Amino acid sequence: MIYIVLGFAFWAAGWVLNVRLANGPSGDVRSVRIAIPLIFGLTILVVWEFFVLGFEINPVFLPRPSDIMIRMSQELPRLWADFVQTIIKGALTGYIIGGLAAFGVAILADRSEFLTRGVLPVGSFMAALPIVGIAPIFVKWFGSDWESKAAVVAVMVFFPILVNAVAGLRDTTAMQRDLMRTYGAGYWPTLFKLRLPAARPFIFNGLKIATTLALIGAIVAEFFGSPTVGMGFRISTSFGQLALDMVWAEIVVAALAGSACYGLVTLLERWMTFWHPSNR
Amino acid sequence: MYERPKLQSLTPSTTPTQDADGLSPLVIRASNLDLTFQTNDGPVHALKDVNLEVNKGDFVSFIGPSGCGKTTFLRCIAGLETPTSGALSVNGMTPDDARRARAYGYVFQAAGLYPWRTIGGNIRLPLEIMGFSKAEMGERIKRVLNLVDLEGFEKKFPWQLSGGMQQRASIARALAFDADILLMDEPFGALDEIVRDHLNEQLLQLWARTEKTIAFVTHSIPEAVYLSTKIVVMSPRPGRISDVIESSLPRDRPLSIRDSAEFIAIANRVRDGLHAGHGQG
Amino acid sequence: MKSFFPVVTVVAAVLLIWIIAVVPMNMHLTADQAQRDGLAVSPDTPIARQDFSGLGLAVRNSHLIPLTYVNVRPRLPSPHQIAIELYDTVIDKKITSKRSLVYHGWVTLAPTLLGFAIGTLLGIMLAVGIVFSRVMDRSVMPWAIVSQTIPILALAPMIIVVMGAAGIQGILPKAVIAAYLSFFPVVVGMVKGLRSPEGMQLDLLRTYHSSNSQGFWKLRLPASTPYLFASLKIGISASLIGTIVAELPTGAKAGFGARMLVGDQYGQPILSWAALFAAAITAAALVGIIGMIERGTLRQMGMKPA
């Protein structure tokens, strides 16, 4: 009972603190802007912990954050092995293959206005489909090791990157293209000096979307068959053993990996598209 | 889109043609030039029966209301549009060949600098495409930045510069590869009066120093009269030349010349030409 | 539409590549089956055939090529096989039959739509809260953005099991997942949309001394419509995918995901492929419907899409 009260108290305290910080004089300072969501997140964790204790929820259903953290510290080697299998071998490989393929097709399609007009709608259409359903088929084709996961990821990231790259390559003004013509510049110099740099904001938009898709693809694909390692594998087997704290541990790793990858791409984007109005 | 038939050139040689008394060679020669655009709303007669001769070292302005074809004509000279009939030669070649031979520098209405390159990088753009050596590129960049009064801004980015400075950088870029001809399409249109005056002065100084042939499109009568040796007044619907005025003003002119009687007389003649065109339009 | 011919060309090209690819993909299986059926196959042992690629075998056994298109357990079904299966299970079966894809489609669609509706409503409410309360903006919005980078989809099966163990079954667990997956795109998109009016327009309202609520209904909400529709399209796709993923590893008996699994487990690949295509067609139809609603609504309002 006391835990429930403590939980509510903590929630209230966190809320009040955030209200004062947000509406206070230093509300726009960078450190405060980072602190507020962190306090919010911390409050949720603490309330979670107390409520599980107070309402006596079966840890099989909902483990406490402290349980999850303990489990994580115990299982670091296994978590790491899963991470390497799923994210590095599966997701990263597929991301690179799919990205390069999409880029190549975009440049090919770019040479012909006709092709561009055909590829854009078809690509957007395919990007909305449940491509994850391909996973069992690919496991049959490529075996159950990381190659099939990389293949799923490659297909999943292909379409968003393709659509964004094609849109980006088109996004030059007539004046910029005319300037290139006054220099007597042919297709390739115009491509490298004008259209590719101009396409970068779009391409990065596609790459950011693709990071999330890559992770999802790699993990979900493992539900369909995997050697005895891998995040998706661990999640589904820990399920079967009702070891939900391990499931949550893997999810924490997935969340950290997801934000880290997205953050990396964003940093790269900021560096390479420093000139775009949205970054100035 | 409009039809693009093959355009015949006046003389197929690559040397500039000479006019009757063998004096300054003809840099631009247009003969019965016609251009009709086929648009969704029917054909648009952008240029009709345009005849013009521009000598080397001339500063020719094109002035007229919207739709009179002045920008279209400039683009024809640049090889960016193709006339539907008539003859046009630039340096004795077809405009397309002249474009490939990098015979001119073009300055657009907006600076159009690439935001991902520094000012120096932007000036380097045509030089890279045309294959200059690294040492030469460096030297040329410094030289043209000097010409337009932008030394020290080589490492800055376009958005860090004001509108006037960006346009100066755009002019520098057009000068970098030493083309004989400079084609400018209302380059100062978006700038305020003071900056515009200043840039007009600088442009004249530049012209005096480099002895290029300049074709300049503008909306502004004082600007046209102040800058040019020859003023071409155009009128719309269909786009045609209503008057060609050879300016009697001396080549070396301070801004104060705008108050002189001669200046006002020429300006009035331009204005009359514009009114006449307007009436018929 | 001027995109019609290019699109048709691209689709036709993809179909052509697919049809051609059927031959090398299925050749090994076809050769094995043909041998069992007593046809002449060269080389004549499976082991010897391992040394050849699908293409190599096809070259040697051109009489088997037509057979690759009618393989019962193909590695790559031919388009017509999928089309036949779709016709069979959608049109030829009664809707109440457990073999009908329409039945399975509804099992998947119902929680998707329910969850999507809940997620959208909650998302809009949270977006309004974020736009009008500084605290909520600063504390919740960063998490909303971060959550889009987390592979939440992987959680889907788990939520089903946990809720199932707690006694909640049927349509609700899947609806919860669908709601969650459409929630955050809607929040992010709606916040962007509610904040989209330019300073100039907000200032104008201030000169009329309008209240916050008037500003909301007259300016912010209409201005956010294009952004809302863009998020709805993302949200409905995500909801559908979420529901399908939720059905996959948990031994679900019905729904598109279940169908894909069944086909996989019982050695009837054409079933899986047909279910996959049916799911794709459903996704396209849903996004298309939202697109049509969008066009109609925006046209009524005189706006253009975001």
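Predicted model, so just to flag it, every value in this text is computed and none were measured. (Residues numbered from 1 in each chain as written. Chains lettered and ligands numbered in written order. Predicted model: local features only at pLDDT ≥ 70, side-chain atom pairs only at ≥ 80, totals over all residues. Heavy atoms only, no water.)

Caption draft 1: Spatial organisation of the overall build of chain C. When you go through chain C residue by residue, the secondary structure sums to 13 helices and zero strands. Going from N to C terminus, chain C has its helices and strands arranged as α-α-α-α-α-α-α-α-α-α-α-α-α. For 306 residues, the compact-globule formula gives about 19 Å, and the C-alpha radius of gyration of chain C, at 25 Å, lies well above that figure. Based on the C-alpha atoms only, the size of chain C along its principal axes is roughly 90 × 55 × 40 Å. Looking at chain C as a whole, 47% of its 306 residues qualify as buried. Across chain C, the fraction of contacts at a sequence separation of at least 24, relative to all contacts at a separation of at least 6, is 71%. Accessible area for chain C stands at about 15,400 Å²; split by element, carbon and sulfur atoms hold 68% of it. Separation between the mean location of the 24 positive side-chain charges and that of the 13 negative ones in chain C comes to 11 Å. (Helix = DSSP H or I, 4+ residues; strand = E, 2+ residues; numbered from the N terminus. Rg over C-alpha atoms; globule rule 2.2 N^0.38 Å. Buried < 20%, exposed > 50% of the residue type's maximum accessible area, 1.4 Å probe, protein only. Contact = heavy atoms within 4.5 Å. Areas by Shrake-Rupley, 256 points an atom, 1.4 Å probe, with all protein chains shown as cover. Lys, Arg positive; Asp, Glu negative; His and termini not counted. Charge placed at Lys NZ, Arg CZ, Asp CG, Glu CD.)

Caption draft 2: Representation of the overall build of chain A in the model. Looking only at helices and strands, chain A has eleven helices and zero strands in total. When the helices and strands of chain A are placed in sequence order, the string is α-α-α-α-α-α-α-α-α-α-α. Here the C-alpha atoms of chain A give a radius of gyration of 24 Å, more than 25% beyond the 19 Å that 2.2 N^0.38 yields for 280 residues. Viewed in the frame of its principal axes, chain A has a C-alpha envelope of about 80 × 60 × 30 Å. Scored against the burial criterion, the 280 residues of chain A give a buried share of 52%. A separation of at least 24 residues holds for 72% of the contacts in chain A among residues at least 6 apart in sequence.

Caption draft 3: Fine view of the interface of chain A and chain C. Taken together, the contacts link 48 residues of chain A with 50 residues of chain C. Taken over both partners, the interface formed by chain A and chain C buries close to 4,300 Å², and the fraction arising from carbon and sulfur atoms is 79%. In terms of surface lost to chain C, no three residues of chain A exceed Arg117(A), Pro130(A) and Trp141(A), which account for 15% of the buried area on that side. Along the contact surface separating chain A from chain C lie zero salt bridges. Counting the contacts that link chain A with chain C gives three residue pairs in polar contact (both at pLDDT 80 or more). Within the residue set of the side of chain A that touches chain C, elements represented by two or more residues are α1 (2-23), α2 (30-54), α5 (113-127), α6 (135-142), α9 (187-222) and α11 (244-272) of chain A. (Buried area = accessible area lost by both parts, 1.4 Å probe. Salt bridge = Lys/Arg side-chain N within 4 Å of Asp/Glu carboxyl O. Polar contact = N/O pair within 3.5 Å; in protein donor to acceptor, adjacent residues only side chain to side chain.)

Caption draft 4: Structural view of helix α13 (residues 269-301) of chain C. The end-to-end C-alpha distance of α13(C) is 48 Å, a good match for the 48 Å that 33 residues give at a rise of 1.5 Å each. With its phi angle positive at about 75 degrees, Gly302(C) sits one or two positions after the end of α13(C). (Expected span 1.5 Å × (residues − 1).)

Caption draft 5: Spotlight on the domain arrangement of chain A. We note that the domain assignment places domain 1 (2-57) and domain 2 (72-279) within chain A. For domain 1 of chain A versus domain 2 of chain A, the distance between C-alpha centres works out to 35 Å. (Domains from an automatic or database assignment.)

Caption draft 6: Region of the structure containing the sheet that holds strand β2 (residues 42-55) of chain B. All names here are of chain B. Taken in spatial order, the three strands make up an open sheet running β2-β1-β4, and their pairing is antiparallel. The open sheet terminates on both sides in strands that have one partner only, identified here as β2 and β4 (85-90). Ignoring strand direction, the axes of neighbouring strands in this sheet form an average angle of 20 degrees. Judged from the ten bridges that link them, strand β1 (residues 26-39) and β2 form a sheet pairing that is antiparallel. Looking at β2, one finds that Ala 30 is bridged to Leu 52. (Pairing = 2+ DSSP bridges. Axes fitted to C-alpha atoms, helices over the stretch in contact; angles between N-to-C directions.)

Caption draft 7: How the structure looks around a nonpolar patch on the surface. Residues and elements named next belong to chain C. A surface patch of nonpolar side chains, about 630 Å² in accessible area, is lined by Leu 114, Ile 118, Leu 122, Met 125, Ile 168, Ile 171, Leu 172 and Val 176. Breaking the nonpolar patch down by element, the ones donating at least two residues are α6 (101-132) and α9 (171-194). A relative accessible area of 42% means that Leu 122 is categorised as partly exposed. (Patch = residues over 30% accessible without salt bridge, like charges linked within 9 Å, V, L, I, M, F, W, Y side chains within 5 Å.)

Caption draft 8: Spatial organisation of the packing of α2(A) against helix α7 (residues 134-147) of chain C. Remark: α2(A) packs on α7(C), axes separated minimally by 8 Å, with the N-to-C direction vectors making an angle of 80 degrees. In terms of their interaxial angle, α2(A) and α7(C) are classed as roughly perpendicular. Contacts between α2(A) and α7(C) involve Arg33(A), Ile36(A), Pro37(A), Phe40(A) and Gly41(A) from the former and Arg138(C), Ser139(C), Val140(C), Pro142(C) and Trp143(C) from the latter. Counted by class, the contact of α2(A) with α7(C) contains six nonpolar, two polar and two charged residues. (Parallel < 35°, antiparallel > 145°, perpendicular 65-115°, else oblique. Nonpolar A, V, L, I, M, F, W, Y, C, P; charged D, E, K, R; others polar.)

Caption draft 9: Highlighting the pattern of salt bridges. According to the stated counting rule, one finds 30 salt bridges over all chains in the structure shown. Note that Arg181(A) is salt-bridged to Asp178(A), the shortest N-O span being 3.5 Å. Pair noted here: Arg181(A) and Asp178(A) are both in helix α8 (residues 174-182), with a separation of three residues, about one helical turn. Note that Arg143(B) is salt-bridged to Asp178(B), the shortest N-O span being 3.7 Å. Of this pair, Arg143(B) sits in helix α4 (residues 134-147) while Asp178(B) is found in the loop between α5 (163-175) and β6 (181-185), placing the two residues 35 residues apart along the sequence. Judged by relative accessible area, Arg143(B) falls into the partly exposed class, the value being 32%. Salt bridges here are not isolated pairs; linked through shared partners, they connect Glu136(B), Glu139(B), Arg140(B), Arg143(B) and Asp178(B).

Caption draft 10: Local environment of the nonpolar core. Formed by 134 residues in total, the largest nonpolar core has its most connected members in Phe224(A), Met158(C) and Val245(C). If we ignore the near neighbours within four places in the chain, the residues touching Val245(C) are Val132(A), Val220(A), Leu153(C), Ala156(C) and Pro157(C). Residues Leu145(B), Leu183(B), Phe188(B) and Trp207(B) belong to the second largest nonpolar core, which totals 97 residues. (Core = buried A, V, L, I, M, F, W, Y, C linked by side-chain atoms within 4.5 Å.)

Caption draft 11: Structural view of the domain arrangement of chain C. All names here are of chain C. Parsing chain C into structural domains produces domain 1 (4-76) and domain 2 (101-301). Taking the mean C-alpha position of each, domain 1 and domain 2 sit 41 Å from one another. At the interface, seven residues of domain 1 touch five residues of domain 2. For the pair domain 1 and domain 2, the summed buried surface comes to about 420 Å²; carbon and sulfur atoms form 71% of the total. Considering only the side of domain 1, the residues that lose the most area to domain 2 are Trp 18, Arg 73 and Pro 74, jointly responsible for 66% of the buried surface there. For the pair domain 1 and domain 2, the number of links is zero salt bridges. For the side of domain 1 that touches domain 2, the residue count by class is four nonpolar, one polar and two charged.

Caption draft 12: Expanded view of unusual backbone geometry. Residues and elements named next belong to chain B. The peptide bond linking Arg 237 to Pro 238 adopts the cis configuration, its omega dihedral lying at -5 degrees. Among the secondary structure elements, Pro 238 is positioned in the loop between β8 (230-235) and β9 (240-246). One non-glycine residue, Asn 91, adopts positive backbone phi at about 55 degrees. With respect to the secondary-structure elements, Asn 91 resides in the loop between β4 and α2 (95-100). Judged by its relative accessible area of 12%, Asn 91 is buried.

Caption draft 13: The arrangement of the packing of aromatic side chains in detail. Taken as a whole and assessed by the stated rule, the structure comprises 29 aromatic pairs over all chains. Here Phe274(A) and Phe157(B) contribute two aromatic rings whose centre-to-centre distance is 5.0 Å and whose plane-to-plane angle is 65 degrees, an arrangement assigned as edge-to-face. Taken together, the residues Phe274(A) in the segment after α11 and Phe157(B) in the loop between α4 and α5 connect one chain to another. Put simply, the rings of Phe138(A), Trp141(A), Phe142(A) and Trp273(C) pair up and form one aromatic cluster. Over the ring of Tyr187(A) we find Arg111(A), and its NZ or CZ is 3.9 Å from the ring centre. In this structure, Arg258(B) packs its charged tip against the face of Tyr226(B), placed 6.0 Å from the ring centre. (Phe/Tyr/Trp six-rings, centres within 6.5 Å; stacked < 30°, edge-to-face > 60°. Lys NZ or Arg CZ within 6 Å of the ring centre and 35° of its normal.)

Caption draft 14: A look at the packing of helix α4 (residues 76-110) of chain A against α9(A). All names here are of chain A. Interhelical geometry of α4 versus α9 gives an angle of 145 degrees and a closest axis separation of 8 Å. At the point where α4 passes α9, the crossing takes the right-handed sense. A per-class count over the contact of α4 with α9 returns 15 nonpolar, three polar and three charged. (Left-handed = near helix turned anticlockwise from the far one by under 90°.)

Caption draft 15: Up close: the interface of chain A and chain B. Contact residues are listed per partner, giving 17 residues for chain A and 23 residues for chain B. Buried area between chain A and chain B, summed over both chains or domains, comes out near 2,100 Å², and the portion from carbon and sulfur atoms is 68%. Of all residues in chain A, Thr182(A), Tyr183(A) and Lys193(A) bury the most surface against chain B, accounting for 32% of the area lost on that side. In this assembly, chain A and chain B are joined by two salt bridges. Residue Glu128(B) pairs with Lys193(A) through a salt bridge whose shortest N-O separation is 2.7 Å. Remark: the boundary between chain A and chain B carries five residue pairs in polar contact (both at pLDDT 80 or more). Breaking the side of chain A that touches chain B down by element, the ones donating at least two residues are α8 and α9 of chain A. Per-element tally for the side of chain A that touches chain B: the top contributor is α8(A), with seven residues.

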